[in-house]
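One-letter residues, chain by chain:
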Amino acid sequence: MLRENRTGLRIRKWTATEMLHLKVTKRLLDELRGNAEKCGQNLSQYCTTILSGKHPRAAFSMFNAMIEEVAHLSAEQRMKLVINGRSYDWWREHLITALEFFDRMRDKVLNMGD
């Protein structure tokens, strides 16, 4: 069956007519349900996607947006983005906080013998 979407493209919609029943462990079922929920799909949609050879992704989140943004970059380009990119100030603040913490811990350890 062909139908038009919002952009006017015609999309072929394949109607599922066959049933598949599987026995799985509770652990696997729980994992599948959890992953389906993360992807914003019901269990049937998620399993069908996996069985068709696709890799469903978790529903949009800030982490997924970041991964998508840097997925095509080489490791060197990613590092440059992290160090020199928009998040530089964020990393700088956290590194300073971490260094201050380690300095305080060092001082405590050195002063324990006094």
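Residues numbered from 1 in each chain as written. Predicted model: local features only at pLDDT ≥ 70, side-chain atom pairs only at ≥ 80, totals over all residues. Heavy atoms only, no water.

### A closer look at the overall build of the protein chain
Phase 1 of the analysis: Assigned secondary structure in the protein chain consists of 5 helices and 2 strands.
Phase 2 of the analysis: Going residue by residue from the N terminus, the α and β elements of the protein chain occur as β-β-α-α-α-α-α.
Phase 3 of the analysis: Relative to its full complement of 114 residues, the protein chain shows a buried share of 7%.
Phase 4 of the analysis: For the protein chain, the exposed surface amounts to about 10,900 Å²; the carbon and sulfur share of it is 59%. (Helix = DSSP H or I, 4+ residues; strand = E, 2+ residues; numbered from the N terminus. Buried < 20%, exposed > 50% of the residue type's maximum accessible area, 1.4 Å probe, protein only. Areas by Shrake-Rupley, 256 points an atom, 1.4 Å probe, with all protein chains shown as cover.)

### Regarding the packing of helix H1 (residues 26-38) against helix H2 (residues 43-51)
Phase 1 of the analysis: Two numbers describe how H1 lies on H2: the axes approach to 9 Å, and their chain directions differ by 95°. In terms of orientation, H1 lies roughly perpendicular with respect to H2. Seen from H1, the contacting residues are Leu29, Leu32, Arg33, Asn35 and Ala36; seen from H2, they are Leu43, Tyr46, Cys47 and Ile50.
Phase 2 of the analysis: Tallied by class, residues from the contact of H1 with H2 come to 7 nonpolar, 1 polar and 1 charged. (Axes fitted to C-alpha atoms, helices over the stretch in contact; angles between N-to-C directions. Parallel < 35°, antiparallel > 145°, perpendicular 65-115°, else oblique. Contact = heavy atoms within 4.5 Å. Nonpolar A, V, L, I, M, F, W, Y, C, P; charged D, E, K, R; others polar.)

### Section: H2
Phase 1 of the analysis: For H2, the side-chain oxygen to backbone nitrogen distance between the N-cap and Ser44 is 3.1 Å, and the N-cap itself is Asn42.
Phase 2 of the analysis: Where H2 terminates, the next one or two residues include Gly53, which has phi positive at roughly 90°. (Polar contact = N/O pair within 3.5 Å; in protein donor to acceptor, adjacent residues only side chain to side chain.)

### A few points about the packing of aromatic side chains
Phase 1 of the analysis: Under the criterion given, the structure shown has 1 aromatic pair.
Phase 2 of the analysis: When the ring of Phe101 is compared with that of Phe102, the centres are 5.5 Å apart and the planes differ by 65°; the resulting orientation is edge-to-face.
Phase 3 of the analysis: Residue Phe102 is classed as exposed on the basis of its relative accessible area, which comes to 53%. (Phe/Tyr/Trp six-rings, centres within 6.5 Å; stacked < 30°, edge-to-face > 60°.)

### Some details on the confidence of the model for the protein chain
Should pLDDT be low for a region, the predicted coordinates there are not to be read in detail.
Phase 1 of the analysis: Per-residue confidence for the protein chain gives a mean pLDDT of 80, with 75% of residues at or over 70.
Phase 2 of the analysis: Mean pLDDT in the protein chain bottoms out at strand E1 (residues 2-4), which sits at 57, and peaks at H1, which reaches 93. (pLDDT = per-residue confidence, 0-100.)

### So, the side chain of Thr49
Phase 1 of the analysis: Among the structural elements, Thr49 can be located in helix H2.
Phase 2 of the analysis: Among the residues examined, Thr49 registers a relative accessible area of 17% and is labelled buried.
Phase 3 of the analysis: In this view, Thr49 contacts Gln41, Lys54 and Pro56; residues no more than four positions away in its chain are not counted.

### With respect to H1
What sets the pattern is the α-helix's 3.6 residues per turn: residues three or four places apart point alike.
Phase 1 of the analysis: End to end, H1 covers 18 Å across 13 residues, agreeing with the expected 18 Å (1.5 Å per residue, within 8%).
Phase 2 of the analysis: Positive phi shows up at Gly40, right after H1, with a value of about 75°. (Expected span 1.5 Å × (residues − 1).)

### So, the layout of surface pockets
Any empty space left between the atoms is revealed when a probe the size of a water molecule rolls over them.
Phase 1 of the analysis: Of the volumes computed, that of the largest pocket is approximately 810 Å³.
Phase 2 of the analysis: If you go around the largest pocket, you meet 22 residues; those closest to its centre are Ser44, Gln45, Cys47, Thr48 and Leu51.
Phase 3 of the analysis: Of all the secondary structure elements, the ones that give two or more residues to the lining of the largest pocket are H1 and H2.
Phase 4 of the analysis: The dominant element in the lining of the largest pocket, judged by the number of residues it contributes, is H2, at 8 residues.
Phase 5 of the analysis: The residue makeup of the lining of the largest pocket, split by class, is 13 nonpolar, 8 polar and 1 charged. (1 Å grid on protein atoms, 1.4 Å probe; cavity = no way out; pocket = protein on both sides within 12 Å on 5 of 7 lines; lining within 4 Å. Points joined across faces, edges and corners; volume = space filled by probe spheres on them.)

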